[in-house]
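Structural overview for review
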Amino acid sequence: VLGGKNTSGTAQSGISLATITASDGSVGTFSASSQSLPQALFGHSSTAVTVGSSNYVYVIGGNNGTTDQTTVYKSTVGSSDLGTFSTTSQTQLSTGISYHTIATGTISSTNYLYVIGGLNGSTAQTSVYKGTLDSSGNITALTTTGQSSLPQGLYGHSAYIATVGSNNYLYVIGGMTTGGTRQTTVYRASIDSSGNIGSFATTYQTQLYCHFQPCFI
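Residues numbered from 1 in each chain as written. Predicted model: local features only at pLDDT ≥ 70, side-chain atom pairs only at ≥ 80, totals over all residues. Heavy atoms only, no water.

A tally of regular secondary structure across the chain gives zero helices and 15 strands. Compactness check: the chain gives a C-alpha radius of gyration of 17 Å against a globular reference of 17 Å for 217 residues, within 12% of the reference. If one aligns the C-alpha atoms of the chain with their principal axes, the spans along those axes are about 45 × 45 × 40 Å. In the chain, which comprises 217 residues, the share counted as buried stands at 43%. (Helix = DSSP H or I, 4+ residues; strand = E, 2+ residues; numbered from the N terminus. Rg over C-alpha atoms; globule rule 2.2 N^0.38 Å. Buried < 20%, exposed > 50% of the residue type's maximum accessible area, 1.4 Å probe, protein only.)

Bringing the sheet that holds strand β13 (residues 158-164) into the picture now. Strand order across the open sheet formed by three strands is β13-β14-β15, with antiparallel pairing between neighbours. Edge positions in the sheet fall to β13 and β15 (186-191), since each has one partner strand and no second. If you compare each strand with its neighbour and ignore which way they point, the axes differ by 25° on average. As paired elements, strand β14 (residues 167-173) and β15 share six bridges and run antiparallel to each other. The residue of β15 that forms the bridge with Y169 is S190. (Pairing = 2+ DSSP bridges. Axes fitted to C-alpha atoms, helices over the stretch in contact; angles between N-to-C directions.)

Turning to the pairing of β14, a few remarks are in order. When you tally the buried positions in β14, you get six out of seven residues, the bulk of the element. Pairing analysis gives seven bridges linking β13 to β14, with the strands arranged antiparallel. Following the sheet pairing, A162 is matched in β14 by Y169. Connecting β13 to the next strand, β14, in antiparallel fashion are two residues, including G165 with a positive phi near 65°.

With that settled, the discussion passes to a nonpolar patch on the surface. Taken together, the side chains of V1, I20, V27 and F30 define a hydrophobic patch exposed on the protein surface, amounting to about 420 Å² of accessible area. Here V1 is to be found in the segment before β1 (2-5). Looking at V1, the relative accessible area reads 58%, which means it is exposed. (Patch = residues over 30% accessible without salt bridge, like charges linked within 9 Å, V, L, I, M, F, W, Y side chains within 5 Å. Areas by Shrake-Rupley, 256 points an atom, 1.4 Å probe, with all protein chains shown as cover. Salt bridge = Lys/Arg side-chain N within 4 Å of Asp/Glu carboxyl O.)

Mapped onto the fold, H100 is located in the loop between β6 (72-76) and β7 (101-107). Residue H100 is classed as buried on the basis of its relative accessible area, which comes to 8%. When residues no more than four places from it in sequence are discounted, the contact partners of H100 are G43, H44, S45, I60, G61, G62, V115, I116, G117, G118 and H157. (Contact = heavy atoms within 4.5 Å.)

A few words now on the environment of T88. Among the structural elements, T88 can be located in the loop between β6 and β7. At 2.9 Å, the side chain of T88 and the side chain of S86 are in polar contact. (Polar contact = N/O pair within 3.5 Å; in protein donor to acceptor, adjacent residues only side chain to side chain.)

Relative to the helices and strands, G146 is located in the loop between β12 (139-143) and β13. The sequence separation of G146 and T123 amounts to 23 residues, and the corresponding C-alpha distance is 23 Å.

Right, let's talk about the packing of aromatic side chains for a bit. Across all of its chains, the model carries three aromatic pairs by this definition. Taken together, a centroid distance of 6.4 Å and an interplanar angle of 55° make the contact between F42 and Y99 tilted. Linking F42 in the loop between β3 (31-32) and β4 (45-51) with Y99 in the loop between β6 and β7, this pair joins segments that are 57 residues apart in sequence. For F42, a relative accessible area of 12% corresponds to the buried category. (Phe/Tyr/Trp six-rings, centres within 6.5 Å; stacked < 30°, edge-to-face > 60°.)

Here we come to the sheet that holds β3. Strand order in the open sheet formed by three strands is β1-β2-β3, with antiparallel pairing between adjacent strands. Here the strands that pair on one side only, and so sit at the sheet edges, are β1 and β3. Bridge count between β1 and strand β2 (residues 11-17): three bridges; the pairing is antiparallel. The residue bridging K5 from the neighbouring strand is A11, located in β2.

Fair warning: the whole summary comes from geometry, so function is off the table for now.
Printed below as a string of structure tokens:
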């Protein structure tokens, strides 16, 4: 568990760890990591990726209590704890965002990381970033070039990559638009052999039905 807000609404930099039992998937007791985030953050996204025989954790964007951040941090996962988080050799975001979503996938033997939507200030974003991970787990490129944008600005949404037959797709589900209006949309986009995201559409996608409830997954 990385960062977040405490009960007073203050951004945190602490990290808590727990083991997962292999036999039944139960989560053990949480304890404090020896590491912390380089700055207090909330509304960031994080993901773990295996590259070769090494495991890495990435923490992207978020708000430090004052402004939305462009930072991309990477840490190596050790046998019992995380390594130091650093921006070294990681391409940074071009715009500060929070409450965005990450999706990761392997396309044609290359590992990609996608950063989708989010908030910049009070404005929901349509941007989709594609990052390429090299053999050392570094994000060597993180760009919106060649990536289709969301049809509308979204934050607080969910995103998933799925392989169906020989095709790869990115799904973006629910979320909120600028001003906080909850959405029922389910978008699908194709991912080509170079990991680029095609146009998003709701065509043939069953939309969420939400009655008096938030449309979040």
